[in-house]
Amino acid sequence: MTLTLISPAFADGAAIPSTYTCEGKDVSPPLMWDGAPAGTKSLVLIVDDPDAPDPAAPQRTWVHWVLYNLPPGSKGLAEGVSAASLPEGTATGLNDWGRADFGGPCPPIGRHRYFHKLYALDARLEGLSSPTKADVETAMKGHVLAQATLMGTYLKSH
């Protein structure tokens, strides 16, 4: 079985509905996953945009959401999930706004790509305190059993 990540809100490679962006409610999209391999001890979800600030001349990857230590038996996240309603044991890292929550797409120029990356790990990530994406990725090294990616795009209407 392969690790899969989907959203009922948008297909892989399709536009993300404005509800999930700065032009809408700015809430996280619903996500569903399946197929975590045997031996999975935790899951990590990272949402980022490699096209910041301008897809024609990207300068950095902007981090929108960092979740780690999701339980291996969890199957997804509801739309607009709050920190208090995350699966038990889930920890949050800091996004590039310096917040431990979801920050929706809000590209300053052009159509950006937003990668929702799910990792199955053979360990829980311990000893992290308000980690950034880089901190989580460093802690994950050597522990990734499988990865799934869902990519959506967004272009602001004005």
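Just so it is clear, the model here is predicted, and its values are computed rather than measured.

1. Some details on empty space enclosed by the protein
Line of reasoning, step 1. Tallied over the entire structure, the rule returns one cavity of 30 Å³ or more.
Line of reasoning, step 2. Space inside the largest cavity adds up to approximately 50 Å³.
Line of reasoning, step 3. Contributing to the lining of the largest cavity are Ile16, Tyr20, Pro29, Val47, His64, Phe102, Pro105, Tyr114 and His116.
Line of reasoning, step 4. Residue composition of the lining of the largest cavity, grouped by class: seven nonpolar, two polar and no charged.

2. Overview of unusual backbone geometry
Line of reasoning, step 1. With an omega of -5°, the peptide bond running from Ala52 to Pro53 counts as cis.
Line of reasoning, step 2. Here Pro53 is to be found in the loop between strand E3 (42-52) and strand E4 (60-70).
Line of reasoning, step 3. Notably, Asp26 is not glycine yet its phi reads approximately 55°, a positive angle.
Line of reasoning, step 4. Secondary-structure assignment places Asp26 in the loop between strand E1 (4-6) and strand E2 (31-34).

3. Notes on the state of the cysteines
Line of reasoning, step 1. Counted under the stated rule, the structure contains one disulfide.
Line of reasoning, step 2. What pairs with Cys22 in a disulfide is Cys106, and their sulfur atoms sit 2.2 Å apart. The disulfide joining Cys22 to Cys106 has a torsion of about 80° about its S-S bond and is therefore right-handed. Separated by 84 residues along the polypeptide, Cys22 in the loop between E1 and E2 and Cys106 in the loop between strand E6 (91-92) and strand E7 (112-121) bring together distant segments of the chain.

4. Topic: the layout of surface pockets
If a probe as big as a water molecule is rolled over the atoms, it shows which places are left empty.
Line of reasoning, step 1. Counted as a void, the largest pocket has a volume near 150 Å³.
Line of reasoning, step 2. Lining the largest pocket are 14 residues, with Val81, Ser82, Ala83, Asp101 and Phe102 positioned closest to its centre.

5. Some points on the packing of aromatic side chains
Line of reasoning, step 1. Taken as a whole, this structure holds two aromatic pairs when the rule is applied.
Line of reasoning, step 2. With a centroid separation of 5.2 Å and an interplanar angle of 75°, the aromatic rings of Trp65 and Phe102 are classed as edge-to-face. Highlighted residues: Trp65 in strand E4 and Phe102 in the loop between E6 and E7, separated in sequence by 37 residues.
Line of reasoning, step 3. Among the residues examined, Trp65 registers a relative accessible area of 3% and is labelled buried.
Line of reasoning, step 4. Exposure remark for Phe102: the relative accessible area of 10% places this residue in the buried category.

6. Re the side chain of Asn95
Line of reasoning, step 1. Along the polypeptide, Asn95 turns up in the loop between E6 and E7.
Line of reasoning, step 2. Aside from chain neighbours lying at most four places away, what touches Asn95 is Val63, His64, Trp65, Asp101, Phe102 and Gly103.

7. Some thoughts on the pairing of E2
Line of reasoning, step 1. Only one face of E2 is covered, namely the face carrying Leu31 and Trp33; the face carrying Met32 and Asp34 is uncovered.
Line of reasoning, step 2. Relative to E2, E1 runs antiparallel, the two sharing three bridges. Residue pairing for E2: Ile6 is matched across the bridge by Met32.
Line of reasoning, step 3. Sheet analysis places E2 next to strand E5 (residues 76-77), joined by two bridges and oriented antiparallel.

8. Comments concerning the pairing of E4
Line of reasoning, step 1. Most of E4 is tucked away: eight of the eleven residues are buried.
Line of reasoning, step 2. Pairing between E3 and E4: seven bridges, direction antiparallel. Across the sheet, residue Asp49 finds its bridge partner in E4, namely Trp62.
Line of reasoning, step 3. Pairing of E4 with E6 involves two bridges; the strand directions are antiparallel. The residue of E6 that forms the bridge with Tyr68 is Ala91.

Parameters at a glance
Residues numbered from 1 in each chain as written. Predicted model: local features only at pLDDT ≥ 70, side-chain atom pairs only at ≥ 80, totals over all residues. Heavy atoms only, no water. 1 Å grid on protein atoms, 1.4 Å probe; cavity = no way out; pocket = protein on both sides within 12 Å on 5 of 7 lines; lining within 4 Å. Points joined across faces, edges and corners; volume = space filled by probe spheres on them. Nonpolar A, V, L, I, M, F, W, Y, C, P; charged D, E, K, R; others polar. Helix = DSSP H or I, 4+ residues; strand = E, 2+ residues; numbered from the N terminus. Disulfide = S-S within 2.5 Å. Phe/Tyr/Trp six-rings, centres within 6.5 Å; stacked < 30°, edge-to-face > 60°. Buried < 20%, exposed > 50% of the residue type's maximum accessible area, 1.4 Å probe, protein only. Contact = heavy atoms within 4.5 Å. Pairing = 2+ DSSP bridges.

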